[in-house]
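Each chain, letter by letter, is given below.
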Amino acid sequence: MIVTQFLVLAAALFALGVFGLLARRNAVMVLLAVELMLNAVNLNLVAFEAVIRDVLASGQVFAIFVITVAAAEVGVGLSIVLMIFRNRTSANVDELDLMKW
Amino acid sequence: MTLSEWISNPQNWAFLVLGGLTLGAGFVVVTSRNVVHAALALVGALAATAGLFLLLSAEFVAWVLVLVYIGSVVILFLFGIMITRAPIGREAAVDHVRRWPALIAAVALFGVLASVAWAAFETTQLVGVGEGTSTDLLGESLLGRYVLPFEAVSFLLLAALIGGITLARKDTSPAEEEATARDRGLAAR
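Residues numbered from 1 in each chain as written. Chains lettered and ligands numbered in written order. Predicted model: local features only at pLDDT ≥ 70, side-chain atom pairs only at ≥ 80, totals over all residues. Heavy atoms only, no water.

Asker: Even after reading the chapter, I still don't get the overall build of chain B, so can you show me in this structure?
Answerer: Within chain B one finds eight helices and zero strands. Mapped from its N terminus to its C terminus, chain B presents α and β elements in the order α-α-α-α-α-α-α-α. Burial analysis of chain B (189 residues in total) assigns 31% to the buried set. Here chain B displays about 11,500 Å² of accessible surface, and carbon together with sulfur accounts for 69% of that area. (Helix = DSSP H or I, 4+ residues; strand = E, 2+ residues; numbered from the N terminus. Buried < 20%, exposed > 50% of the residue type's maximum accessible area, 1.4 Å probe, protein only. Areas by Shrake-Rupley, 256 points an atom, 1.4 Å probe, with all protein chains shown as cover.)

Asker: Is there a simple way to think about the nonpolar core in this case?
Answerer: Nonpolar side chains in soluble globular proteins tend to end up buried together. If you look at the biggest cluster of nonpolar residues, it comprises 72 residues, and the most contacted ones within it are Phe 6 of chain A together with Leu 52, Val 61 and Phe 77 of chain B. Taken together, the elements giving at least two residues each to this core come down to α1 (3–23), α2 (27–52) and α3 (58–88) of chain A together with α2 (10–31), α3 (35–55), α4 (59–83), α5 (100–121) and α6 (135–143) of chain B. Per element, the largest residue contribution to this core is 12 residues, and it comes from α2 of chain A. Both domains that meet at this core, namely domain 1 (1–95) and domain 2 (134–189) of chain B, each give it at least three residues. (Core = buried A, V, L, I, M, F, W, Y, C linked by side-chain atoms within 4.5 Å. Domains from an automatic or database assignment.)

Asker: Looking at this structure, I do not really get the side chain of Ser 58 of chain A. What am I missing?
Answerer: With respect to the helices, strands and loops of the structure, Ser 58 of chain A is situated in helix α3. Not counting residues up to four positions away in its chain, the partners in contact with Ser 58 of chain A are Glu 49 of chain A together with Tyr 146 of chain B. (Contact = heavy atoms within 4.5 Å.)

Asker: Looking at this structure, how should I read the interface of chain B and chain A?
Answerer: Often, the extent of an interface is quoted as the loss of accessible area on bringing the components together. Every contact between the two is made by 89 residues of chain B and, on the other side, 69 residues of chain A. The junction of chain B with chain A conceals about 7,100 Å² of combined surface from both sides, 78% of it contributed by carbon and sulfur atoms. Broken down residue by residue, the surface that chain B buries against chain A is led by Val 30, Phe 77 and His 96 of chain B, which jointly contribute 9%. Inspection of the region where chain B meets chain A yields zero salt bridges. Seen at the junction of chain B and chain A, the total is 15 residue pairs in polar contact (both at pLDDT 80 or more). Elements that contribute at least two residues to the side of chain B that touches chain A include exactly α2, α3, α4, α5, α6 and α7 (147–168) of chain B. (Buried area = accessible area lost by both parts, 1.4 Å probe. Salt bridge = Lys/Arg side-chain N within 4 Å of Asp/Glu carboxyl O. Polar contact = N/O pair within 3.5 Å; in protein donor to acceptor, adjacent residues only side chain to side chain.)

Asker: Teacher, can you tell me more about the packing of aromatic side chains here?
Answerer: In this description, a pair of aromatic rings is defined by centroid distance and the angle of the planes. If you walk through the whole model with that rule in mind, you get four aromatic pairs over all chains. Relative to Phe 121 of chain B, the ring of Phe 48 of chain A has its centre 5.4 Å away and its plane inclined at 45°; by these criteria the two rings are tilted. Here Phe 48 of chain A, found in helix α2, pairs with Phe 121 of chain B, found in helix α5, and the two come from separate chains. Overall, Phe 48 of chain A belongs to the partly exposed group, its relative accessible area being 28%. Geometrically, the ring pair formed by Phe 62 of chain A and Phe 65 of chain A is edge-to-face, given 6.0 Å between the ring centres and 75° between the ring planes. Here Phe 65 of chain A and Phe 62 of chain A lie together in helix α3, a separation of three residues that amounts to about one turn. Phe 65 of chain A gets classed as buried once you look at its relative accessible area, which sits at 8%. (Phe/Tyr/Trp six-rings, centres within 6.5 Å; stacked < 30°, edge-to-face > 60°.)

Listed below in structure tokens is the structure:
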């Protein structure tokens, strides 16, 4: 196996995430797309680790850090969406134009 | 290395199957009109990614992904969908009207990333595939060299937990509480 095949797959996954992030209106679906992008990053980190194989297993350690940060991000993100939904009875990101100039 | 050499390696068949599953499920995540289906497709994408991690001999990360993502993050999403009354069932307006620029941006990004990856690595072989990374090594690294980031990340998780609770709980001022109590009293009478 070569490393490029994993990198190209991760790039495709990341591009799918970017598309979802830009095209979705519902805030929960935007967060789902962000998860997809973070997953692509994890795939990259683990693939690089399989090339370098350093003594600290840095790639895998960083993948674990990314997973942890993603879990924190989902927790805070969903509670923000919940707050917005309570105040405006809508979780659509394009209707949140209160601070738009 | 030619394409026939590449395809003759059974590991690459596994890669093609798992990669196809990941991309297919990811496609459903970003195109499904039903939020619950999108969240469940994310489970599929993550499970296939865990399979790819196993292929890259990163067993611990694969199971962490299954436990943390499929076990808790997706459950959290399903709760979020239920609470925010996101459009469960088919709904026409889950996407922006202008989704074609988004598609162009995504395709362009893929083109750039994939060509840069190919230009940088070409046919660099992976090493130590099938040997496995010992969890021993990972644990020593995590609590040795990387102990400071580890503690920072655990602090971040605690802060996010507290922040999530503070944001999501219903705040009522004492005056409001008094008002609701009075209303209830009136209703009872």
